[in-house]
Amino acid sequence: TFSSVTVAGNSASSVVERAQSDTTQKTRIALYQVSLSTGTSGTIAVTFGGSVSRCQVGVWAVYDLVSHTANTTANDGQNDGTTASFNINIPATGIMLTTACMFGGTDTQTLSGAGTIDASDGAVTGARQWASYQAGAAETARAVSFSGSGGADSARALVAATWA
């Protein structure tokens, strides 16, 4: 679990989180946010509530939001190569941030419908991905998915949130 997240000494709050477990593989992903009135640099610290391995942190800076409260969130988790997916609403001129993670598989993973892939890493191509998307007009039920065969004893998680 995540015990705390701070950015430049300011506490961040959880927007959406997903834990997924299979027989031997576990993954947990989340989006956290903090509103800073000044500054563009500082230490980002993530404290976990137990032992962890293979941890990554993705960071976006977002400016001029109408509200710092997420409009919508979505999450899904699947095991043994099953695609994680959901539909999410995005407000007009809004943004969607997405993160996806898979452990236990050996094939290439594909994140679809999430916009621009901002970062991707892992021993398995695309096993951890971060993406951003900006809508023009409002979008209802935009399909987002994270897929790849994964195989037995794999765990896949996917989360997203939107803001105006």
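Residues numbered from 1 in each chain as written. Predicted model: local features only at pLDDT ≥ 70, side-chain atom pairs only at ≥ 80, totals over all residues. Heavy atoms only, no water.

## Thoughts on the overall build of the protein
Working step 1: Scanning the protein from terminus to terminus reveals zero helices and 13 strands.
Working step 2: Listing the helices and strands of the protein from first to last along the sequence gives β-β-β-β-β-β-β-β-β-β-β-β-β.
Working step 3: With 164 residues in all, the protein has 37% of them scored as buried.
Working step 4: For the protein, contacts bridging at least 24 residues in sequence account for 73% of all contacts bridging at least 6.
Working step 5: Taken as a whole, the protein presents about 8,300 Å² of accessible surface, with 46% of it coming from carbon and sulfur.
Working step 6: A gap of 5 Å separates the mean positions of the 7 positive and 10 negative side-chain charges of the protein. (Helix = DSSP H or I, 4+ residues; strand = E, 2+ residues; numbered from the N terminus. Buried < 20%, exposed > 50% of the residue type's maximum accessible area, 1.4 Å probe, protein only. Contact = heavy atoms within 4.5 Å. Areas by Shrake-Rupley, 256 points an atom, 1.4 Å probe, with all protein chains shown as cover. Lys, Arg positive; Asp, Glu negative; His and termini not counted. Charge placed at Lys NZ, Arg CZ, Asp CG, Glu CD.)

## Section: the packing of aromatic side chains
Working step 1: Applying the stated rule across the entire model yields two aromatic pairs.
Working step 2: Taking 5.8 Å as the distance between ring centres and 65 degrees as the angle between the ring planes, the aromatic pair formed by F2 and Y32 counts as edge-to-face. Here F2, found in strand β1 (residues 2-7), pairs with Y32, found in strand β4 (residues 26-33); they are 30 residues apart in sequence, far enough to count as distant.
Working step 3: Relative to F48, the ring of F2 lies with its centre 5.5 Å away and its plane at 40 degrees, an arrangement referred to as tilted. Placement of the pair is F2 in strand β1 and F48 in strand β5 (residues 44-48), with a sequence separation of 46 residues.
Working step 4: Look at F48 and you get partly exposed, because its relative accessible area is 29%.
Working step 5: Three or more aromatic residues joined by ring pairs form one cluster here, namely F2, Y32 and F48.
Working step 6: Looking at R142, its charged tip hangs above the ring of Y133, at a distance of 3.8 Å from the centre. (Phe/Tyr/Trp six-rings, centres within 6.5 Å; stacked < 30°, edge-to-face > 60°. Lys NZ or Arg CZ within 6 Å of the ring centre and 35° of its normal.)

## So, the sheet that holds strand β11 (residues 128-134)
Working step 1: Pairing within the open sheet is antiparallel, and its five strands lie in the order β6-β13-β8-β11-β10. Edge strands, defined here as strands with exactly one partner in the open sheet, are β6 (72-79) and β10 (116-121). Strand-to-strand twist of the sheet, defined as the mean angle between neighbouring strand axes without regard to direction, takes the value 10 degrees.
Working step 2: Bridge count for β6 against strand β13 (residues 155-163) is eight bridges, and the pairing is antiparallel. If you follow D76 over to β13, its bridge partner there is L158. (Pairing = 2+ DSSP bridges. Axes fitted to C-alpha atoms, helices over the stretch in contact; angles between N-to-C directions.)

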